[in-house]
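For reference, the chains in residue letters:
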Amino acid sequence: MAIFGFTNPVFGVLSSAWWLGEGSAELGWNALIALVLVCIGICIVNVKINTGNKTA
């Protein structure tokens, strides 16, 4: 459920651009790079790293 909370910035930018009719000036390279960085942050937080410790 937490991953949906992290997607708020992504859907916030996309939905505001759609509903407010923002043009390409607001959705330029800066916004695209920011959204990619947010997605990378979501992946970093949610990917479980295998440390090799075997506890059974």
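Scroll up to find the structure this text is about.
Remember, predicted model here, so these are calculated numbers, not experimental data.

Criteria and cut-off values
- Residues numbered from 1 in each chain as written.
- Predicted model: local features only at pLDDT ≥ 70, side-chain atom pairs only at ≥ 80, totals over all residues.
- Heavy atoms only, no water.
- Helix = DSSP H or I, 4+ residues; strand = E, 2+ residues; numbered from the N terminus.
- Contact = heavy atoms within 4.5 Å.
- Patch = residues over 30% accessible without salt bridge, like charges linked within 9 Å, V, L, I, M, F, W, Y side chains within 5 Å.
- Areas by Shrake-Rupley, 256 points an atom, 1.4 Å probe, with all protein chains shown as cover.
- Salt bridge = Lys/Arg side-chain N within 4 Å of Asp/Glu carboxyl O.
- Expected span 1.5 Å × (residues − 1).
- Buried < 20%, exposed > 50% of the residue type's maximum accessible area, 1.4 Å probe, protein only.
- Arc of directions from axis to C-beta.

Caption draft 1: Examining the environment of Val-13 more closely. With respect to the element layout, Val-13 can be found in helix α2 (residues 8-20). Sequence separation of Val-13 and Ala-31 is 18 residues, and the distance between their C-alpha atoms is 8.2 Å. Apart from residues lying up to four places away in sequence, Val-13 is in contact with Leu-27 and Leu-35.

Caption draft 2: Summary view of a nonpolar patch on the surface. A contiguous nonpolar surface patch, about 760 Å² in accessible area, is contributed by Trp-29, Leu-32, Ile-33, Val-36, Leu-37, Ile-40 and Ile-44. On the secondary structure map, Ile-44 appears in helix α3 (residues 29-46).

Caption draft 3: Inspection of α3 at higher detail. Here α3 spans 26 Å end to end across 18 residues, near enough to the 26 Å set by a 1.5 Å rise per residue. Every buried residue of α3 is listed here: Ala-31, Leu-35 and Ile-42. For α3, the angular spread of the buried residues around the axis is 35 degrees, confining them to a single face. In α3, those exposed residues whose orientation departs by more than 90 degrees from the buried face are Trp-29, Asn-30, Leu-37 and Ile-44.

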